[in-house]
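What follows is each chain in one-letter form.
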Amino acid sequence: MNPTLESPPSAKPAHTCPVWIGHLLANPLRRLLENPRHLVLPLVKAGHRVLELGPALGFFTLPVAEAVGEQGKVVCVEVQEGMLRGLRKRLDKRGLLARTELRRCTHEDLGLAELVETCDLVLALHVVHETISPGQTMADLARCVKPGGLLLLVEPPGHCSPAAFRAAIAGAEGAGLVRTPHPCAEGRRNLVLLQRPRGATS
Ligand SMILES: C[S@@+](CC[C@H](N)C(=O)[O-])C[C@H]1O[C@@H](n2cnc3c(N)ncnc32)[C@H](O)[C@@H]1O
C-alpha cells in the first residue's frame with residue numbers, strides 16, 4: 001500500500017455494521033434524509049455496469065438495479081454473508097436478481113482484479129470508513145472505473161474523520177480519478193464525485 005495515503009493501516013476494521021442495522025438502513029423512511037433518486041440515480045443510465053461496495057440490504061442497490069434495466073448489471077461486493085442473504089431475497093422478490101451479481105469479499109481482499117476499468121459507475125456509500133484502509137479501498141475501487149466513468153463516495157460525517165475522508169479521496173486521485181461536480185447534491189458534507197478522464201488509464 002502507498003504509505004502516503006494513511007498511516008499506519010490497522011490490521012482489522014474498527015467496526016463492521018451489524019445485519020440488524022442493515023435492516024434499519026433499508027427502511028424506506030430513510031429516503032426523507034437521503035434519497036437515491038437525487039443522490040445516485042442521476043448518475044445511472046440503462047445498460048450501465050455498476051459496482052457497489054458494501055450494499056448491506058440494498059437501500060441503494062434496488063433502485064440502481066431498476067435503473068440499469070435488463071441490459072445492465074449491478075455487481076455487489078459485500079463482506080458479510082448475512083447481508084448478502086438478505087439482499088438476495090429482496091432482489092428476488094422484486095424480480096431484479098438476474099441483473100445483479102452478488103459477491104462475498106474479505107476485509108483484506110475485495111476481489112476486484114478482473115473488474116479493472118469495466119465499470120460505468122462505482123458506489124462507495126457509507127462503507128469506506130469500515131474498511132481497513134480507506135485510501136487503499138478507494139484506490140482499488142477507482143481502478144474499476146472505465147474512462148469517462150464515475151466513482152461516488154459518501155461517508156457519514158459522524159463516523160468518518162476528516163483525515164480518513166481526505167485519505168479516501170487521495171486514494172482515488174492517486175489511481176487517476178479527478179473530482180467532478182455532482183449534478184444535484186450541492187452542499188452535502190462528505191460527498192465527492194470523481195471521474196476517470198477519457199483517454200486516461202489506471
Ligand atoms: C454502514 S453499512 C452501509 C450500507 C449501504 N451502503 C447503505 O448505505 O445503506 C456498511 C456495509 O459495508 C459492509 N462492509 C464493511 N466493510 C466492508 C468491506 N471491506 N468490503 C465490503 N463490504 C464491507 C458492511 O458489511 C455493511 O453491509
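Per chain, the residues get numbers from 1 upward, laid out in the order the sequence is written. The model is predicted, so local features are restricted to residues of pLDDT at least 70 and side-chain atom pairs to those at 80 or more, both for listing and for counting; the totals for chains, interfaces and linings are taken over all residues.

S.K.: What exactly am I supposed to notice about the overall build of the protein here?
M.R.: Each helix is a run of DSSP H or I of at least 4 residues and each strand a run of E of at least 2, with the numbering of both proceeding from the N terminus. Scanning the protein for helices and strands turns up 6 helices and 7 strands. Along the protein, helices and strands appear, N-terminal first, in the series α-α-β-α-β-α-β-β-α-β-α-β-β. What the globule rule says is 2.2 Å times the number of residues to the power 0.38, and the radius of gyration is computed from C-alpha atoms. Taking 2.2 N^0.38 as the reference for a compact globule, 202 residues should give roughly 17 Å; the C-alpha atoms of the protein span a radius of gyration of 16 Å, in line with that estimate. Counting only C-alpha atoms, the protein reaches 45 × 40 × 35 Å along its principal axes.

S.K.: For this particular structure, what's the right way to read unusual backbone geometry?
M.R.: It is generally the case that most residues other than glycine have a negative phi and that most peptide bonds are trans. In this structure, Glu117 takes a positive phi of about 55 degrees despite not being glycine. With respect to the element layout, Glu117 can be found in the loop between strand 3 (100–104) and strand 4 (119–125). Residue classification places Glu117 among the partly exposed residues on the basis of 15 C-beta atoms within 10 Å. Although it is not a glycine, His126 adopts a positive phi angle of roughly 60 degrees. By the element assignment, His126 lies in the loop between strand 4 and helix 5 (134–143). Residue burial is a threshold on neighbouring C-beta atoms within 10 Å of the residue's own C-beta, all placed from the backbone, with 20 or more meaning buried, 12 or fewer meaning exposed, and counts in between meaning partly exposed.

S.K.: Please clarify how the site of the ligand should be interpreted in this entry.
M.R.: Near, for a residue, is defined by distance from a backbone-placed C-beta atom to a molecule or strand, with 6 Å as the limit that must not be exceeded. Lining the immediate surroundings of the ligand are 24 residues, of which Cys17, Gly54, Ala56, His126 and Glu130 lie closest. Contributing elements (two or more residues each) for the shell around the ligand: helix 1 (19–25) and strand 2 (73–78). Classification used: nonpolar for Ala, Val, Leu, Ile, Met, Phe, Trp, Tyr, Cys and Pro, charged for Asp, Glu, Lys and Arg, polar for all others including Gly. In terms of residue class, the shell around the ligand is made up of 15 nonpolar, 7 polar and 2 charged.

S.K.: Help me out: how do you make sense of the environment of Leu141 in this one?
M.R.: Here Leu141 is to be found in helix 5. Here Leu141 falls in the buried class, since 31 other C-beta atoms lie within 10 Å of it. Along the sequence, Leu141 and Glu173 sit 32 residues apart, while their C-alpha atoms lie 11 Å from each other. We call two residues in contact when the distance between their C-beta atoms, placed using the backbone, is within 7 Å. Dropping the residues within four chain positions of it, Leu141 is found in contact with Leu53, Val122, Ala124 and Leu151.

S.K.: Where do I start with helix 5 in this structure?
M.R.: An α-helical turn contains 3.6 residues, so a residue and the one three or four places further along point in the same direction. Counting buried positions over the 10 residues of helix 5 gives 10, a clear majority of the element. Among the residues making up helix 5, those that are buried are Pro134, Gly135, Gln136, Thr137, Met138, Ala139, Asp140, Leu141, Ala142 and Arg143. Those residues of helix 5 hidden inside the fold are in contact with strand 1 (49–53), strand 4, strand 5 (145–154) and helix 6 (162–174).

S.K.: Where do I start with the pairing of strand 5 in this structure?
M.R.: Each regular strand shows side chains that alternate between the opposite faces of the sheet. Most of strand 5 is tucked away, with 7 of its 10 residues classed as buried. Pairing analysis gives 6 bridges linking strand 4 to strand 5, with the strands arranged parallel. Within strand 5, the position partnered with Cys119 by the bridge is Val145. The definition of a right-handed crossover adopted here requires that, viewed with the strands pointing away, the path from the first strand over the helix to the second runs clockwise. Each parallel crossover has a hand, and for strand 4 linked through helix 5 to strand 5 it is right-handed. The pairing criterion is simple: DSSP has to find at least two bridges between the two strands. Direction of pairing for strand 5 relative to strand 7 (residues 191–195): antiparallel, over a ladder of 5 bridges. For Leu151, the partnering residue across the bridge sits in strand 7 and is Leu194.

S.K.: What am I meant to see in the environment of Ile21 here?
M.R.: Inspection of the secondary structure puts Ile21 in helix 1. Sequence separation of Ile21 and Ala56 is 35 residues, and the distance between their C-alpha atoms is 9.1 Å.

S.K.: What is the right way to look at the sheet that holds strand 2 in this model?
M.R.: For sheets, the rule is that strands pair by backbone hydrogen bonds, running either parallel or antiparallel. Across the sheet, which stays open at both edges, the 7 strands sit in the order 3-2-1-4-5-7-6 with mixed pairing between neighbours. The open sheet is flanked by strand 3 and strand 6 (178–179), the only strands paired with a single partner. Axes here mean lines fitted to C-alpha atoms, for a helix over just the part in contact, with angles spanning 0 to 180 degrees between N-to-C directions. The strands that helix 4 (residues 81–93) touches are strand 2 and strand 3; relative to strand 3, the one it contacts most, it runs at about 165 degrees.

S.K.: What exactly am I supposed to notice about the environment of Gly148 here?
M.R.: Within the fold, Gly148 resides in strand 5. Residue Gly148 is classed as exposed on the basis of its 12 C-beta neighbours within 10 Å. With 28 residues separating them along the chain, Gly148 and Asp120 place their C-alpha atoms 7.5 Å apart. Excluding its chain neighbours within four sequence positions, the residues that come into contact with Gly148 are Arg196 and Arg198.

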